[in-house]
Amino acid sequence: MRLKMIFALLTVYVVTAAPEFLPGEWRVIVQPATSGRVEVYYQPVHPVLLRSYEGIRPFQRAQETAQRRAEAYPHDLAPPYILHAPYQLVAPYVTARGRELAAPPISGTDWSDGQHLPYRIVPQVRPAENSHAELKALMEEEPGPIEEPGVWAMGIRPELNRAVLKTNAFDQEMRHRLATKYGKLVALEWDPSGEAIYSID
């Protein structure tokens, strides 16, 4: 596992001369987004493996409520997510009305160790570019970006406010093609563990 990670990081430096490491997000920006090309990043360690989840349940319940808000007002809100260390619920908005819809505190009761535990969580509202409606429509598009060569999975990453395509191969034509068609709706997560041919202009 360690040798695999070292090889992957060395490959990052071959692909681009100046990768940007974002330690809080555990991402390496292999090639940043530009006006004509989508972002490519590499995630050497998934945050799920490094985080403690003690005490997160009330925030997960609150996130479910915030998600229902986003589904009820899909053009005003973006998918919510949880920040760690310390926990915070982030409720992104894309319109002025969305800011008001995202802001109200979320209260409820969680069941833990045989006890009902009340909670009240105030969402941290943040502006976002892409609405829940836009991201959902992209995920349902036929044929969608998942049909790109080398792409083996696709999903919404709320903390990035993007639909992320997982790929083991990319080139500049692919980045340009995705940017032209989808703009800032899409990012590429590069997984170099498989066989791939890279063409860097």
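Rules used throughout
Counting starts from 1 at the beginning of each chain's written sequence and moves along it residue by residue. The predicted origin of the model limits local features to residues at a pLDDT of at least 70 and limits the giving and counting of side-chain atom pairs to 80 or more, whereas totals for whole chains, interfaces and linings rest on all residues. Hydrogens are left out, water is left out, and the side-chain values use all remaining heavy atoms of the structure. Numbering of helices and strands runs from the N terminus, with a helix taken as a DSSP run of H or I at least four residues long and a strand as a DSSP run of E at least two residues long. For the exposure calls, accessible area comes from a 1.4 Å probe over protein chains only, and a residue counts as buried if that area is under 20% of its type's maximum, exposed if over 50%, partly exposed in between. In what follows, residue pairs with any heavy atoms lying within 4.5 Å of each other are defined as contacts. Strand pairing is defined by DSSP finding a minimum of two bridges between the two strands. By definition here, a helix of n residues has an expected span of 1.5 Å times n minus one. By construction, the arc corresponds to the directions joining the helix axis to the C-beta atoms. By convention in these notes, a salt bridge is any Lys or Arg side-chain nitrogen within 4 Å of a carboxyl oxygen on Asp or Glu. Think of a polar contact as two N or O atoms within 3.5 Å of one another; within protein, one of them needs to be a possible hydrogen donor and the other a possible acceptor, and neighboring residues in sequence only count if both atoms come from side chains.

1. Some points on the overall build of the protein chain
Next, step 1: Tallying secondary structure elements over the protein chain gives 5 helices and 11 strands in all.
Next, step 2: Evaluated residue by residue, the protein chain yields a buried proportion of 41% over its 201 residues.
Next, step 3: A separation of at least 24 residues holds for 52% of the contacts in the protein chain among residues at least 6 apart in sequence.

2. Focus: the pairing of strand β2 (residues 27–31)
Next, step 1: Counted residue by residue, β2 has 5 buried out of 5 residues, so it is predominantly covered.
Next, step 2: In terms of strand pairing, β2 meets strand β3 (residues 40–42) through 3 bridges, oriented antiparallel. When the bridges of β3 are listed, I29 appears paired with Y41.

3. Overview of unusual backbone geometry
Next, step 1: With an omega dihedral of -5 degrees, the bond running from A85 to P86 counts as a cis peptide bond.
Next, step 2: Counting through the fold element by element, P86 comes out in the loop between β4 (81–83) and β5 (88–93).
Next, step 3: Even without being a glycine, A85 presents a positive backbone phi close to 55 degrees.
Next, step 4: When you line up the elements, A85 lands in the loop between β4 and β5.

4. Here we look at helix α2 (residues 57–72)
Next, step 1: Compared with an ideal rise of 1.5 Å per residue, which puts 16 residues at 22 Å, α2 spans 23 Å between its outermost C-alpha atoms and is within 8% of the ideal.
Next, step 2: For α2, the full list of buried residues reads F59, A62, A66, R69 and A70. Across the axial projection of α2, the buried residues extend over an arc of 95 degrees, all falling on one side.
Next, step 3: Here the buried face of α2 lies against β4, β5, α3 (96–102), β6 (106–112), β7 (115–121) and α4 (132–140).

5. What to know about the pattern of salt bridges
Next, step 1: In total, this model carries 11 salt bridges according to the counting rule given.
Next, step 2: A salt bridge links D76 to R97, with the nearest nitrogen and oxygen atoms 2.6 Å apart. In this pair, D76 is assigned in the loop between α2 and β4 and R97 in helix α3, connecting sequence segments 21 residues apart.
Next, step 3: R97 gets classed as partly exposed once you look at its relative accessible area, which sits at 48%.
Next, step 4: Note that E173 is salt-bridged to R177, the shortest N-O span being 3.5 Å. Here E173 and its partner R177 are both found in helix α5 (residues 172–182), 4 residues apart, which amounts to about one turn of the helix.

6. Points about the environment of T180
Next, step 1: Assignment of secondary structure puts T180 in helix α5.
Next, step 2: Residue classification places T180 among the exposed residues on the basis of a relative accessible area of 58%.
Next, step 3: In this structure the C-alpha to C-alpha distance between T180 and G36, which are 144 residues apart in sequence, comes to 6.6 Å.
Next, step 4: A distance of 2.8 Å separates a polar side-chain atom of T180 from the backbone oxygen of H176.

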